[in-house]
Amino acid sequence: MVRFVQYPFEKSAACFTTTLSWHHEPTVVNKKVPAQWSPEQVRDLFKSADKNGDGKLSKEELKAAFRRLGSRWSSFRARRALRHVDANGDGVISNEELNDLINYALQCGYKL
C-alpha cells in the first residue's frame, strides 16, 4: 500500500495560475497500487491449478490458472502458453516445462 498526501488549496482564476492557501492539515490518502506477481506466487498458482494431481497442467487447468491471474482471454492465453512452452508437444505442461510457463506468465504483465 502506498500513502499519498493531498494538500488542500484554492485555484486563482487570474492568468490560470495556482495559488496555494493552506486551510487545513494535509489529508493522508491510502491508495492501492497494482503490483507484479512474483515468480513464487505464479508457481504456487500453477501448482494449485493441477486439479487431478498428475503433475501436469492440461489446457483446461491452464485456462483456470490464467483466469485467476486476471486474464480476460484465458482460453487464448492457455493456447499461447501451450504453443510457447510445451517443448515435447504432448499437449500438457509438465514439471520440466513449468519454469518456462512461469516466465511466459510474468511477461504477460498481470497485476495483483
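What you see is a predicted model; the values in this text were computed from it and never measured.

**Student:** Kindly report on the confidence of the model for the protein chain, identifying the contributing residues and their values.
**Tutor:** Taken as a whole, the protein chain shows an average pLDDT of 83; of its residues, 71% reach a score of 70 or greater. Scored below 50 in pLDDT, residues 9-17 shows 11 contacts in the model against residues more than four places distant or in partner chains.

**Student:** Can you break down the pattern of salt bridges residue by residue, with the values?
**Tutor:** Within the structure shown, the criterion is met by 1 salt bridge. For K63, the salt bridge identified is with E60, shortest N-O distance 3.5 Å. With a gap of 3 residues between them, K63 and E60 both fall in helix α2 (residues 59-69), about one helical turn apart.

**Student:** Hey, could you go over the packing of α2 against helix α4 (residues 98-107) for me, with residue numbers and the actual values?
**Tutor:** For any two helices packed against each other, one specifies the inter-axial angle together with the distance between the axes. Running from amino to carboxyl end, α2 crosses α4 at an angle of 40°, the nearest separation of the two axes being 12 Å. Of the two possible hands of crossing, α2 and α4 adopt the one that is right-handed. Here L62, F66 and L69 of α2 lie close against α4, whose contacting residues are L101, Y104 and A105. Of the residues that constitute the contact of α2 with α4, the class distribution is 6 nonpolar, no polar and no charged.

**Student:** Report on α4, specifying residues and quantitative values.
**Tutor:** Listed as buried for α4 are L98, L101, I102, Y104 and A105. Each buried residue of α4 sits inside an arc of 160° when the element is viewed along its axis, so together they form one side. Where α4 is buried, its residues meet α1 (39-48), α2 and α3 (74-85). Positive phi shows up at G109, right after α4, with a value of about 80°.

**Student:** Describe the nonpolar core, naming the residues involved and giving the relevant values.
**Tutor:** Ranked by size, the top nonpolar core spans 21 residues in total, and within it F46, L57, L62, F66, L69 and L101 carry the most contacts. Breaking this core down by element, the ones donating at least two residues are α1, α2, α3 and α4. Counting residues per element, this core draws most heavily on α4, which supplies 5 residues. Setting aside residues up to four positions removed in sequence, F46 forms contacts with L57, L62, A65, F66, L69, L98, L101, I102 and A105.

**Student:** Quick one: what's the story with the side chain of S71, residue by residue and with numbers?
**Tutor:** Structurally, S71 is set in the loop between α2 and α3. On the basis of relative accessibility, which here comes to 11%, the residue S71 falls in the buried class. A distance of 3.4 Å separates the side chain of S71 from the side chain of Y110, its partner in a polar contact. Residues within four places of S71 in sequence aside, it is in contact with F66, R77 and Y110.

Thresholds, definitions, all that
Residues numbered from 1 in each chain as written. Predicted model: local features only at pLDDT ≥ 70, side-chain atom pairs only at ≥ 80, totals over all residues. Heavy atoms only, no water. pLDDT = per-residue confidence, 0-100. Contact = heavy atoms within 4.5 Å. Salt bridge = Lys/Arg side-chain N within 4 Å of Asp/Glu carboxyl O. Helix = DSSP H or I, 4+ residues; strand = E, 2+ residues; numbered from the N terminus. Axes fitted to C-alpha atoms, helices over the stretch in contact; angles between N-to-C directions. Left-handed = near helix turned anticlockwise from the far one by under 90°. Nonpolar A, V, L, I, M, F, W, Y, C, P; charged D, E, K, R; others polar. Buried < 20%, exposed > 50% of the residue type's maximum accessible area, 1.4 Å probe, protein only. Arc of directions from axis to C-beta. Core = buried A, V, L, I, M, F, W, Y, C linked by side-chain atoms within 4.5 Å. Polar contact = N/O pair within 3.5 Å; in protein donor to acceptor, adjacent residues only side chain to side chain.

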